[in-house]
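Listed here are the chains, written in short residue letters.
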Amino acid sequence: LVKAYGEQLDLWRLPTVPFGLSREHSGSAGTISLPVATYCSTLHGIIAGLVESTSERDNGIVNGHGGNRGALEALLYEFQSMYGISVAVLHPTALSAIKSGSRWPEIHGGKSETSVMMELAPHLVDVSLLPSALPDEAQPDVRAKILDRGVTWPWKSSDNRLGTDGIIGDASTATPELGREIVASAVERAESVLTQLINEHHRMT
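Criteria and thresholds
Residues numbered from 1 in each chain as written. Predicted model: local features only at pLDDT ≥ 70, side-chain atom pairs only at ≥ 80, totals over all residues. Heavy atoms only, no water. Helix = DSSP H or I, 4+ residues; strand = E, 2+ residues; numbered from the N terminus. Rg over C-alpha atoms; globule rule 2.2 N^0.38 Å. Buried < 20%, exposed > 50% of the residue type's maximum accessible area, 1.4 Å probe, protein only. Contact = heavy atoms within 4.5 Å. Areas by Shrake-Rupley, 256 points an atom, 1.4 Å probe, with all protein chains shown as cover. Lys, Arg positive; Asp, Glu negative; His and termini not counted. Charge placed at Lys NZ, Arg CZ, Asp CG, Glu CD. Salt bridge = Lys/Arg side-chain N within 4 Å of Asp/Glu carboxyl O. Polar contact = N/O pair within 3.5 Å; in protein donor to acceptor, adjacent residues only side chain to side chain. Phe/Tyr/Trp six-rings, centres within 6.5 Å; stacked < 30°, edge-to-face > 60°. Lys NZ or Arg CZ within 6 Å of the ring centre and 35° of its normal.

Student: Explain the overall build of the protein here, please?
Tutor: Counting secondary structure elements, the protein contains seven helices and two strands. Starting at the N terminus and walking to the C terminus, you meet the elements of the protein as α-α-β-α-β-α-α-α-α. For a compact globule of 205 residues, the expected C-alpha radius of gyration is about 17 Å, and the protein comes in at 18 Å, within 12% of that figure. Along the three orthogonal principal directions, the C-alpha set of the protein runs to about 55 × 35 × 30 Å. Here the protein, with 205 residues, has 39% of them falling under the buried criterion. In the protein, once contacts between residues fewer than 6 apart in sequence are set aside, the share between residues at least 24 apart is 72%. Of the roughly 12,100 Å² that the protein leaves accessible, carbon and sulfur atoms contribute 55%. Charged side chains in the protein number 16 positive and 24 negative. The centres of these two groups are separated by 3 Å.

Quick look at the structure:
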């Protein structure tokens, strides 16, 4: 985003926060998940530091993990009221107008996410390890445990009733070309979001 709109919108990027809320993937080796209170406190500290040390009052948070979404949506209200800033969270894959077209639910490591990784970090994708598509019999469990908006469950990506090897979706059909389209669309649609973010602050002052 900074590369695309940095000069136009006077954007600058903070270092990436490498840890978030990933308790649903705790069955996977090497997964580190912060306690919710620690995650929220860390972000509060970052925002407070920005407000104290700079004149920056427009803050766009680019979220790279779905598990962070609930906490971020709640934090936005605190950030706005406590620090007097204009703030929004961008969720790139959801923001993109390009959808995978997969017949299986895209929850974790499916066609879209794997395609994006193939585009952004192909050296981290070993296609020989990609499992076949989510079994049809798993779909009712995925919809009931994860996608049902009427109930929230503490699901695990390591649950073999939901997916294979932590993947809930169809990674086997991922392509770098699809990843390139998803990323390009997300960047394109982000321009209007960032412009609105700046305008929101002007209306607040």
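Next comes the rest of the write-up.
Student: Any chance you could explain the environment of methionine 118 here in plain terms?
Tutor: Following the sequence through the fold, methionine 118 ends up in helix α5 (residues 111-120). Methionine 118 gets classed as buried once you look at its relative accessible area, which sits at 13%. Between the C-alpha atom of methionine 118 and that of asparagine 63, which follows or precedes it by 55 residues, the distance is 19 Å. In this structure methionine 118 touches Val125, Val127, Leu130, Ala174, Thr175 and Pro176, once residues within four positions along its chain are discounted.

Student: What's the story with the side chain of lysine 111 in this structure? I'm lost.
Tutor: Relative to the elements of secondary structure, lysine 111 occurs in helix α5. No salt bridge is formed by the buried lysine 111; the nearest opposite charge belongs to aspartate 170, separated by 6.6 Å. Setting aside residues up to four positions removed in sequence, lysine 111 forms contacts with Ser100, Ser102, Glu106, Asp170, Ala171, Thr173, Ala174 and Leu178.

Student: Just checking my understanding: could you explain the environment of aspartate 148 for this structure?
Tutor: With respect to the helices and strands, aspartate 148 occurs in the loop between α6 (139-147) and α7 (176-204). Relative accessible area serves as the criterion here: at 36%, aspartate 148 is assigned to the partly exposed category. Linking aspartate 148 and serine 185, residues 37 residues apart in sequence, is a C-alpha distance of 28 Å. Reaching out from aspartate 148, the side chain makes a polar contact with the backbone nitrogen of glycine 150 at a distance of 2.8 Å.

Student: Is there a simple way to think about the packing of aromatic side chains in this case?
Tutor: The description of two aromatic rings rests on the distance between their centres and on the angle between their planes. Going through the model one piece at a time under the given rule, you end up with one aromatic pair. A centroid spacing of 6.3 Å and a plane angle of 40° characterise the contact between phenylalanine 79 and tyrosine 83, whose relative ring orientation is tilted. Of this pair, phenylalanine 79 and tyrosine 83 both sit in helix α3 (residues 69-83), four residues apart, which is roughly one turn of the helix. With respect to class, phenylalanine 79 is no different from tyrosine 83; both count as buried. Over the aromatic face of tryptophan 104 sits the side chain of arginine 103, whose NZ or CZ is 4.5 Å from the ring centroid. A cation over an aromatic ring shows up here: lysine 145 above the ring of tryptophan 153, its NZ or CZ 4.2 Å from the ring centre.

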